[in-house]
Amino acid sequence: MERTFAIIKPDAVERNVTGKVLAMIEAGGFKIVGMKKILLSRAQAEGFYYVHKERPFFGDLCTFMSRGPVIALVLEKENAIADWRGLMGATNPANAEAGTIRKELGVSIEENTVHGSDSPESASYEIPYFFNQLELV
Ligand code: ATP
Ligand code: MG
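Here is a short report on the structure shown in this document. (Residues numbered from 1 in each chain as written. Chains lettered and ligands numbered in written order. Predicted model: local features only at pLDDT ≥ 70, side-chain atom pairs only at ≥ 80, totals over all residues. Heavy atoms only, no water.)

### Considering the overall build of the chain
Now for step 1: Check the secondary structure of the chain and you find seven helices and four strands.
Now for step 2: Ordering the α and β elements of the chain from the N terminus gives β-α-α-β-α-α-β-α-α-β-α.
Now for step 3: For 137 residues, the compact-globule estimate of 2.2 N^0.38 gives 14 Å, and the C-alpha radius of gyration of the chain, at 14 Å, lies within 12% of that figure.
Now for step 4: Along the first, second and third principal axes, the C-alpha atoms of the chain reach 35 × 35 × 25 Å.
Now for step 5: Looking at the 137 residues of the chain, the share that counts as buried comes to 47%.
Now for step 6: Considering only intrachain contacts with a sequence separation of at least 6, the fraction spanning at least 24 residues in the chain is 75%. (Helix = DSSP H or I, 4+ residues; strand = E, 2+ residues; numbered from the N terminus. Rg over C-alpha atoms; globule rule 2.2 N^0.38 Å. Buried < 20%, exposed > 50% of the residue type's maximum accessible area, 1.4 Å probe, protein only. Contact = heavy atoms within 4.5 Å.)

### Focus on the sheet that holds strand β4 (residues 114–116)
Now for step 1: In spatial order, the strands read β2-β3-β1-β4; together these four strands make up an open sheet with antiparallel pairing. Of all the strands in the sheet, the pair left with one neighbour each is β2 (31–38) and β4. Along the sheet, successive strands turn relative to each other by an average axial angle of 20°, direction set aside.
Now for step 2: The pairing of strand β1 (residues 2–8) with β4 spans three bridges and is classified as antiparallel. Its bridge partner being in β4, Ile8 is matched across the sheet by Val114.
Now for step 3: Across the sheet, helix α5 (residues 80–88) touches β1, β3 (70–77) and β4, and the angle it forms with β1 is around 30°. (Pairing = 2+ DSSP bridges. Axes fitted to C-alpha atoms, helices over the stretch in contact; angles between N-to-C directions.)

### Looking at the packing of aromatic side chains
Now for step 1: Applying the stated rule across the entire model yields nine aromatic pairs.
Now for step 2: An angle of 20° between the planes, with centres 4.8 Å apart, marks the rings of Phe5 and Phe130 as stacked. You can see Phe5 sitting in strand β1 and its partner Phe130 sitting in helix α7 (residues 120–130), a full 125 residues away along the chain.
Now for step 3: Assessed through its relative accessible area of 8%, Phe130 is described here as buried. (Phe/Tyr/Trp six-rings, centres within 6.5 Å; stacked < 30°, edge-to-face > 60°.)

### Notes on the site of ligand 1
Now for step 1: Within the structure, ligand 1 sits among 15 residues, and Tyr49, His52, Thr91, Glu110 and Asn112 are positioned closest to it.
Now for step 2: In the environment of ligand 1, an oxygen atom lies 2.5 Å from a nitrogen or oxygen atom belonging to the side chain of Thr91.
Now for step 3: Between ligand 1 and the protein, one listed contact pairs an oxygen atom with a backbone N or O atom of Gly116 at 3.0 Å.
Now for step 4: For ligand 1, whose accessible area on its own is 580 Å², the fraction buried by protein is 81%.
Now for step 5: Given that more than half its atoms are within 2 Å of the pocket grid, ligand 1 belongs to the largest pocket.
Now for step 6: Elements with a minimum of two residues in the shell around ligand 1: α5 and β4.
Now for step 7: When the residues that make up the shell around ligand 1 are grouped by side-chain class, the tally is five nonpolar, five polar and five charged. (Near = heavy atom within 4 Å. Polar contact = N/O pair within 3.5 Å; in protein donor to acceptor, adjacent residues only side chain to side chain. Areas by Shrake-Rupley, 256 points an atom, 1.4 Å probe, with all protein chains shown as cover. 1 Å grid on protein atoms, 1.4 Å probe; cavity = no way out; pocket = protein on both sides within 12 Å on 5 of 7 lines; lining within 4 Å. Sits in = over half its atoms within 2 Å of the grid points. Nonpolar A, V, L, I, M, F, W, Y, C, P; charged D, E, K, R; others polar.)

### Brief notes about helix α2 (residues 18–27)
Now for step 1: Burial in α2 covers these residues: Thr18, Val21, Leu22 and Ile25. What you see down the axis of α2 is that its buried residues fit within an arc of 100°, all on one side. Facing away from the buried side of α2 by more than 90 degrees, the exposed set consists of Lys20 and Ala27.
Now for step 2: Backbone geometry just after α2 places Gly29 at a positive phi near 90°. (Arc of directions from axis to C-beta.)

Given below as structure tokens:
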């Protein structure tokens, strides 16, 4: 079993499609082992996405991620990291495959509805950024 970290981003929470994303997660065979709704401060968003701090879109990305509440999730499944990236679809919804969350629900390359850890190292940073051990059941 493997765990990965996911976020339902502000664009999805604003549009009331949290339930649609959760239904796709459950239909995909993931067990939700942690879930909380939080409003990130700008500094917390910057800390979460620090790997992108030199990228031109970093400022806009942190503004977006802190503009409204998000749902933070820990998902468990065999091959969870790669499988969740597959269910999310490509970063730009325009390039995402049919049936993926970003294709079905994404708005733009920035407002792309969901986040997912891209490696075991990322998951090891991101899960404890949001959850303590007692919250993962
Ligand atoms: P995430 O890390 O959110 O799961 P990702 O791994 O598919 O997405 P990254 O390259 O890590 O993509 O980019 C992080 C986030 O930054 C993207 O999900 C998107 O919200 C935003 N982003 C990425 N590229 C661009 C861009 N060219 N213009 C605007 N925003 C972007
Ligand atoms: Mg990424």
